[in-house]
Amino acid sequence: VNLSLSQATEKLTNLYTKELLRPELFLTVKFTRALKVSVIGEVNSPGVYSFKNRDTLGLTPQITVVDAIQEAGGITSFTNLKKIILVRKIPGENNEFKKATLNLLELIEDGNQTQNPYILDGDTIKLIKAEGSYTDDTYKAAAQNLSPKYISVSIVGYVNSPGRLEIPPNTPLIEAVMMAGDTKDWTASRGNVELVRVNKNGSIYRKKFNLNKKRGTSISNNPILKN
């Protein structure tokens, strides 16, 4: 358990030396299991995620840190993009860990792929909170790259096409209502649109908004929707 191939080979060779004069062992991985990785902190859906093998040779699942962050719903507006912490267990029986700090702004701005390493089974990716939220174009580019292609929301009531929608991340409330075909007719109460959201701690967030198409994106008037 928790041994690399070389460590397992060495351990079995030592055991076989008690029975054989010159044991020679060659171990290979026949089937790989799904990777299980924890993504915690400032992501929209923190938790434990499983990734199937993408490698056609069946050797190493080629999943990166960015892939894992996207699977966890993408970054929040408070994610410290310069300090993403990757914690990895060192193979062996000593239960030791090593830690690396990644700068995803270098990846987004300069294309530095060393800041986006492959993940291994049992890794933990921790996104910590920055002192303030990002509002500049750099963050917008990062949010676009570090988010899933689509999120799922439900729009119900007096709209032309109620139901579940797959929308791009960072879509504001009013734009999502437009994607649902807008309100049916004048009988719909455009000043009484309720946003219901389950918070990370399990509590329910509820707030009413006025559908004014002239309003820009803002937390108070036209918030960005989450999955």
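Note: the structure precedes this text.
Let me begin by describing the structure that accompanies this report. (Residues numbered from 1 in each chain as written. Predicted model: local features only at pLDDT ≥ 70, side-chain atom pairs only at ≥ 80, totals over all residues. Heavy atoms only, no water.)

1. Overview of the overall build of the chain
At step 1: Scanning the chain from terminus to terminus reveals five helices and nine strands.
At step 2: Going from the N terminus to the C terminus, the chain shows its helices and strands as α-β-β-α-β-β-α-β-α-β-β-α-β-β.
At step 3: For the chain, the proportion of its 227 residues judged to be buried stands at 33%.
At step 4: Within the chain, counting contacts between residues at least 6 apart in sequence, those at least 24 apart form 53% of the total.
At step 5: Roughly 14,600 Å² of accessible area belongs to the chain as shown, and the carbon and sulfur atoms make up 51% of that amount. (Helix = DSSP H or I, 4+ residues; strand = E, 2+ residues; numbered from the N terminus. Buried < 20%, exposed > 50% of the residue type's maximum accessible area, 1.4 Å probe, protein only. Contact = heavy atoms within 4.5 Å. Areas by Shrake-Rupley, 256 points an atom, 1.4 Å probe, with all protein chains shown as cover.)

2. As for the side chain of asparagine 222
At step 1: Tracing the sequence through the fold places asparagine 222 in the segment after β9 (204–209).
At step 2: Residue classification places asparagine 222 among the buried positions, given a relative accessible area of 3%.
At step 3: From its side chain, asparagine 222 meets the backbone nitrogen of isoleucine 174 in a polar contact 2.9 Å long. (Polar contact = N/O pair within 3.5 Å; in protein donor to acceptor, adjacent residues only side chain to side chain.)

3. Quick word on the nonpolar core
At step 1: Ile119 and Ile125 are the most contacted members of the largest nonpolar core, which totals 26 residues.
At step 2: Elements represented by at least two residues in this core include exactly β1 (35–41), β2 (47–51), α2 (65–71), β3 (79–89), α3 (104–110), β5 (124–129) and α4 (137–145).
At step 3: In terms of residue count, the dominant contributor to this core is α2 (four residues).
At step 4: Residues Leu165, Leu173, Val177 and Leu195 belong to the second largest nonpolar core, which totals 16 residues. (Core = buried A, V, L, I, M, F, W, Y, C linked by side-chain atoms within 4.5 Å.)

4. Looking at the pattern of salt bridges
At step 1: Enumeration over the complete set of coordinates arrives at two salt bridges.
At step 2: Across the salt bridge formed by aspartate 123 and arginine 88, the nearest N and O atoms sit 2.7 Å from each other. One end of the pair, aspartate 123, is in the loop between α3 and β5; the other, arginine 88, is in strand β3, and 35 residues separate them in sequence.
At step 3: On the accessibility criterion, arginine 88 (17% relative accessible area) is buried. (Salt bridge = Lys/Arg side-chain N within 4 Å of Asp/Glu carboxyl O.)

5. Details of a nonpolar patch on the surface
At step 1: Taken together, the side chains of Leu5, Leu12, Leu15, Tyr16, Leu20, Leu27 and Val29 make up a nonpolar region of the molecular surface, amounting to roughly 570 Å² of accessible area.
At step 2: As for its position among the elements, leucine 12 is in helix α1 (residues 5–16).
At step 3: The class of leucine 12 is partly exposed, set by a relative accessible area of 32%. (Patch = residues over 30% accessible without salt bridge, like charges linked within 9 Å, V, L, I, M, F, W, Y side chains within 5 Å.)

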